[in-house]
Every structure is written in C-alpha cells, then in structure tokens.
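# Structure assessment
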Amino acid sequence: MRSIIALAGLLTILVMVGCTPAKKTMSEKTLLKCSTCGVEFTVEEGMSAYEAAHPQ
C-alpha cells in the first residue's frame, strides 16, 4: 500500500515538472522594430531608452 502511494506521488511530481512551460529567453541580437518610426534596435537598447524616458 505504501509503495502505491509513493509511486503515485512520484508520478505526480514528474507530471508537474514535465508539463511546466519552458521560459523563453531573448538573445542580445534579437531586434525589435518601432511601430511609430520603423527603427530597429536591440532589447537592451530598448530597455535603456524606456528607463530613461520613464524615471521613477
């Protein structure tokens, strides 16, 4: 009886770990295009421009 409960618990853990979505990572070479002016820039450049325009 204990082995069945342990097997069910292990199976549940494996299903939960196996079904988690993979985290998408952006490369430093990923380019974004401005919808207003059409200029392409990297994610890092875009984040620094956004932070400069929106100080906290």
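These figures come from a predicted structure and were not determined experimentally. (Residues numbered from 1 in each chain as written. Predicted model: local features only at pLDDT ≥ 70, side-chain atom pairs only at ≥ 80, totals over all residues. Heavy atoms only, no water.)

### Side note on the overall build of the chain
Tallying secondary structure elements over the chain gives 2 helices and 2 strands in all. When the helices and strands of the chain are listed from N to C terminus, the series reads α-β-β-α. Scored against the burial criterion, the 56 residues of the chain give a buried share of 4%. (Helix = DSSP H or I, 4+ residues; strand = E, 2+ residues; numbered from the N terminus. Buried < 20%, exposed > 50% of the residue type's maximum accessible area, 1.4 Å probe, protein only.)

### Some details on helix 1 (residues 2-18)
Compared with the 24 Å implied by 1.5 Å per residue over 17 residues, the 24 Å span of helix 1 between its first and last C-alpha is a close match. Burial analysis of helix 1 places just 0 of its 17 residues in the buried class, which makes it a mostly uncovered element. (Expected span 1.5 Å × (residues − 1).)

### Structural notes on the environment of Leu 31
In this structure, Leu 31 sits in strand 1 (residues 31-33). The spacing of Leu 31 and Phe 41 is 10 residues in sequence and 5.3 Å in space, taken between C-alpha atoms. With near-sequence residues (within four places) excluded, Leu 31 lies in contact with Glu 40, Phe 41 and Thr 42. (Contact = heavy atoms within 4.5 Å.)

### As for the confidence of the model for the chain
Of all residues in the chain, 84% attain a pLDDT of 70 or more, and the chain-wide mean is 81. Ranking the elements of the chain by mean pLDDT puts strand 1 last with 83 and helix 1 first with 87. (pLDDT = per-residue confidence, 0-100.)

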